[in-house]
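Residues per chain, in single letters:
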There are 2 protein chains.
Amino acid sequence: MKQEPLKIPQATTKRLPLYYRFIQNFSNAGKKRVSSQELSEAMKIDSATIRRDFSHFGALGKKGYGYDVQHLLAFFRQTLDQDEETNVALIGVGSLGTAFLKYNFHKNHNTRIVVAFDTSATEDGMMLSDIPVFEPSKLEEKIQEYGIELVILTVPSRAAQEVTDRLMTTSVKGILNFTPVRLTVPDSIRVHTIDLSVELQTLIYFIKQDEETFTHNS
Amino acid sequence: MKQEPLKIPQATTKRLPLYYRFIQNFSNAGKKRVSSQELSEAMKIDSATIRRDFSHFGALGKKGYGYDVQHLLAFFRQTLDQDEETNVALIGVGSLGTAFLKYNFHKNHNTRIVVAFDTSATEDGMMLSDIPVFEPSKLEEKIQEYGIELVILTVPSRAAQEVTDRLMTTSVKGILNFTPVRLTVPDSIRVHTIDLSVELQTLIYFIKQDEETFTHNS
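Scoring rules and cut-offs
- Residues numbered from 1 in each chain as written.
- Chains lettered and ligands numbered in written order.
- Predicted model: local features only at pLDDT ≥ 70, side-chain atom pairs only at ≥ 80, totals over all residues.
- Heavy atoms only, no water.
- UniProt positions renumbered as here; feature names shortened; annotations may be inferred.
- Helix = DSSP H or I, 4+ residues; strand = E, 2+ residues; numbered from the N terminus.
- Contact = heavy atoms within 4.5 Å.
- Buried < 20%, exposed > 50% of the residue type's maximum accessible area, 1.4 Å probe, protein only.
- Least-squares fit on C-alpha atoms with pLDDT ≥ 70 in both.
- Domains from an automatic or database assignment.
- Salt bridge = Lys/Arg side-chain N within 4 Å of Asp/Glu carboxyl O.
- Polar contact = N/O pair within 3.5 Å; in protein donor to acceptor, adjacent residues only side chain to side chain.
- Nonpolar A, V, L, I, M, F, W, Y, C, P; charged D, E, K, R; others polar.
- Phe/Tyr/Trp six-rings, centres within 6.5 Å; stacked < 30°, edge-to-face > 60°.
- Lys NZ or Arg CZ within 6 Å of the ring centre and 35° of its normal.
- Pairing = 2+ DSSP bridges.
- Axes fitted to C-alpha atoms, helices over the stretch in contact; angles between N-to-C directions.
- 1 Å grid on protein atoms, 1.4 Å probe; cavity = no way out; pocket = protein on both sides within 12 Å on 5 of 7 lines; lining within 4 Å.
- Points joined across faces, edges and corners; volume = space filled by probe spheres on them.
- Arc of directions from axis to C-beta.
- Core = buried A, V, L, I, M, F, W, Y, C linked by side-chain atoms within 4.5 Å.

## Regarding the UniProt feature "binding site: NAD(+)" (unreviewed entry) in chain A
Residues and elements named next belong to chain A.
Then step 1. Residues given the UniProt feature "binding site: NAD(+)" (unreviewed entry) here are Gly 92, Val 93, Gly 94, Ser 95, Leu 96 and Gly 97.
Then step 2. Mapped onto the elements, Gly 92 comes out in the loop between β4 (86-91) and α5 (95-103).
Then step 3. Here Gly 92 is in contact with Gly 97, Phe 117, Asp 118, Thr 154 and Val 155, once residues within four sequence places are set aside.
Then step 4. The topology assignment puts Gly 94 in the loop between β4 and α5.
Then step 5. Its relative accessible area of 36% is what places Gly 94 among the partly exposed residues.

Here is the structure:
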């Protein structure tokens, strides 16, 4: 396996955690090897795409044999730093934030919300779904205390940029942003925005396009 | 404005609802025209990308003038079918489903959850956040009654494919899937999966890559 720094296309990178999940499934099912076709069927991704993605990581498979499951597992675990725990802070415990606290990524033992912040918290903090919740004035102090690099942002839109500005002086390097606000951040912070209205609108647009295609064809 | 069927790249298509949102903001702020640079700053998207995206829709802007806001607004409204209402069904009223019911896309007046389903519903149905919730046995009947084409799927993983199979015989054409299951559907149904663990893992991976880059450079 090549150990050079990897230059992986972004589209491939985004599929890495998904590959890891499914290879874990194959491993848990006791499979020793897996073909790109089997992965394709399980993941609903074109097998040519899978082979092309895997080719970026060097020679991971053998023709007529497929891929060694344990080898893949070790590769993805290392690549995704799955051995390292990531402590996550949740900012904003409204209805969406509450859902994340309850869910708390149980399936990912290495990623966990360990602390949360909300304007409703009492001065000494309170517990929700076994997670300590502090008032916003404690943001910088507690982020340092818990060694947080990643936050999930589920505050109201009007508070989003203000909270983000305060994160700039902390150890936070990534924000999973569920507000519809496009956040301004320095280059040292990564933002990934999931805007549920936009996701819904995009799906509607694709459906309407499908309908037109069907109408034209009929 | 060209009225031919549009051949728009998928990456561009995914940005359409976002463009629409921001052009609405400019319109609401009383702006008559907007430059790609202004849009770029507001949306945090490269202005060259914006100009390239807009070029796919034909001649929407003029050099040295920028884009006419009302013209853009009319164009995106028509393209995104914003004049048409879309009734959405929510399947699975757990913590994430409850968050969606409460939120219910208030900002998008043309998209609304109008009916929900959950195993906890009583035989005659019940109201949650002003939305009727029915038991799963009523799925096909109520989807027809409410004229549903789009569902948001927030059921437990073990129920995801079974529910999806039942949707195949209905009018549903799109599924916004929040379960980690890769759903099997016929070509007539579009699925868009938002897997929160995967989104989080991907962000962590990018952060770790950034860290390595910074370390190598220092």
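## A short note on the relation of the copies chain A and chain B
Then step 1. Expressed as a screw operation, the relation of chain A to chain B combines 0.0 Å of axial shift with a rotation of 180 degrees, fitting to an RMSD of 0.1 Å. Here the copies are linked by what is in effect a two-fold axis.
Then step 2. Comparing interface residues between copies, 98% of those in chain A also lie at the interface in chain B; the contact surface is shared.

## Remarks on the domain arrangement of chain A
Then step 1. Here the domain parsing of chain A yields domain 1 (10-78) and domain 2 (86-197).
Then step 2. Just the C-alpha atoms count here: the centres of domain 1 of chain A and domain 2 of chain A sit 32 Å apart.

## Let's talk about the interface of chain A and chain B
Then step 1. Contact with chain A, which involves 62 residues of that partner, is made by 62 residues of chain B.
Then step 2. The interface formed by chain A and chain B includes 2 salt bridges.
Then step 3. Across the pair Arg21(B) and Asp195(A) runs a salt bridge, and its minimum N-O distance is 2.9 Å.
Then step 4. Where chain A meets chain B, there are 12 residue pairs in polar contact (both at pLDDT 80 or more).
Then step 5. For the side of chain A that touches chain B, the element with the most residues is helix α8 (residues 196-217) of chain A, which contributes 17 residues.
Then step 6. Counted by class, the side of chain A that touches chain B contains 30 nonpolar, 17 polar and 15 charged residues.

## Observations concerning the environment of Thr184(B)
Then step 1. Among the secondary structure elements, Thr184(B) is positioned in the loop between β9 (174-177) and β10 (190-193).
Then step 2. On the basis of relative accessibility, which here comes to 40%, the residue Thr184(B) falls in the partly exposed class.
Then step 3. Measuring from C-alpha to C-alpha, the distance between Thr184(B) and Thr164(B) comes to 7.9 Å, with 20 residues separating the pair along the chain.
Then step 4. With residues up to four places along the chain from it excluded, the contact list for Thr184(B) reads Lys44(A), Gln161(B), Thr164(B), Asp165(B) and Met168(B).
Then step 5. Reaching out from Thr184(B), the side chain makes a polar contact with the side chain of Lys44(A) at a distance of 2.6 Å.

## Focus: the packing of aromatic side chains
By convention here, two paired aromatic rings are described through the distance between centres and the angle between planes.
Residues and elements named next belong to chain A.
Then step 1. Inspection of the entire model under this criterion finds 14 aromatic pairs over all chains.
Then step 2. When the centroid spacing of 5.8 Å and the interplanar angle of 55 degrees are considered together, the rings of Phe 54 and Phe 76 count as tilted. In this pair, Phe 54 sits in helix α3 (residues 47-55) while Phe 76 sits in helix α4 (residues 69-79), placing the two residues 22 residues apart along the sequence. Residue Phe 54 shares its accessibility class with Phe 76, and that shared class is buried.
Then step 3. Site record: aromatic cluster; members linked through ring pairs are Tyr 19, Phe 54, Tyr 67, Phe 75 and Phe 76.
Then step 4. When the ring centre of Phe 134 is taken as reference, the NZ or CZ atom of Lys 142 above it lies at 4.3 Å.

## Focus: the sheet that holds β4(A)
Residue and element names in this part refer to chain A.
Then step 1. Spatially, 7 strands are ordered β6-β7-β5-β4-β8-β9-β10 in an open sheet, and the strand pairing comes out mixed. The open sheet terminates on both sides in strands that have one partner only, identified here as β6 (126-128) and β10 (190-193). Direction aside, the axes of adjacent strands within the sheet are offset by 30 degrees on average.
Then step 2. Pairing between strand β9 (residues 174-177) and β10: 4 bridges, direction parallel. Within the sheet, the bridge partner assigned to Ile 175 lies in β10 and is Val 191.
Then step 3. The strands touched by helix α7 (residues 157-167) within the sheet are β4, β8 (150-153) and β9, with β8 carrying the most contacts at an inclination of about 170 degrees.

## Quick word on the layout of surface pockets
Then step 1. Quantified by volume, the largest pocket comes out at close to 2,400 Å³.
Then step 2. Contributing to the lining of the largest pocket are 50 residues, with Lys14(A), His192(A), Glu199(A), Lys14(B) and His192(B) lying nearest its centre.
Then step 3. Ranked by residues supplied to the lining of the largest pocket, first place goes to helix α8 (residues 196-217) of chain B with 6 residues.

## A closer look at α7(A)
Residues and elements named next belong to chain A.
Then step 1. Listing the buried residues of α7 in full gives Ala 160, Val 163, Thr 164 and Leu 167. Down the axis of α7, the buried side of the element spans an arc of 105 degrees, and every buried residue falls inside it. Exposed residues pointing more than 90 degrees away from the buried face of α7 are listed as Arg 158 and Glu 162.
Then step 2. On its buried face, α7 is in contact with β4, α6 (139-145), β8 and β9.

## Details of the sheet that holds strand β1 (residues 33-34) of chain A
Each strand in a sheet pairs with another by means of backbone hydrogen bonds, the pair being arranged parallel or else antiparallel.
Residue and element names in this part refer to chain A.
Then step 1. Taken in spatial order, the 3 strands make up an open sheet running β1-β3-β2, and their pairing is antiparallel. Because the sheet does not close on itself, it has two edges, and the strands there are β1 and β2 (61-62).
Then step 2. With 2 bridges connecting them, β1 and strand β3 (residues 66-68) associate as antiparallel partners. In the strand pairing of β3, Val 34 is matched with Tyr 67.

## Some details on the nonpolar core
A general tendency of soluble globular proteins is for nonpolar side chains to be buried together.
Then step 1. Within the largest apolar cluster, 44 residues are counted, with the highest numbers of intra-cluster contacts made by Ile152(A), Phe100(B) and Ile152(B).
Then step 2. Residue contacts for Phe100(B): discarding those within four places in its chain leaves Leu96(A), Leu196(A), Leu90(B), Ile113(B), Ile152(B), Thr154(B) and Phe178(B).

## Examining the side chain of Lys138(B)
Residues and elements named next belong to chain B.
Then step 1. In this fold, Lys 138 is placed in the loop between β7 (131-134) and α6 (139-145).
Then step 2. Looking at Lys 138, the relative accessible area reads 17%, which means it is buried.
Then step 3. Filtering out sequence-adjacent residues up to four positions away, Lys 138 remains in contact with Phe 117 and Glu 123.

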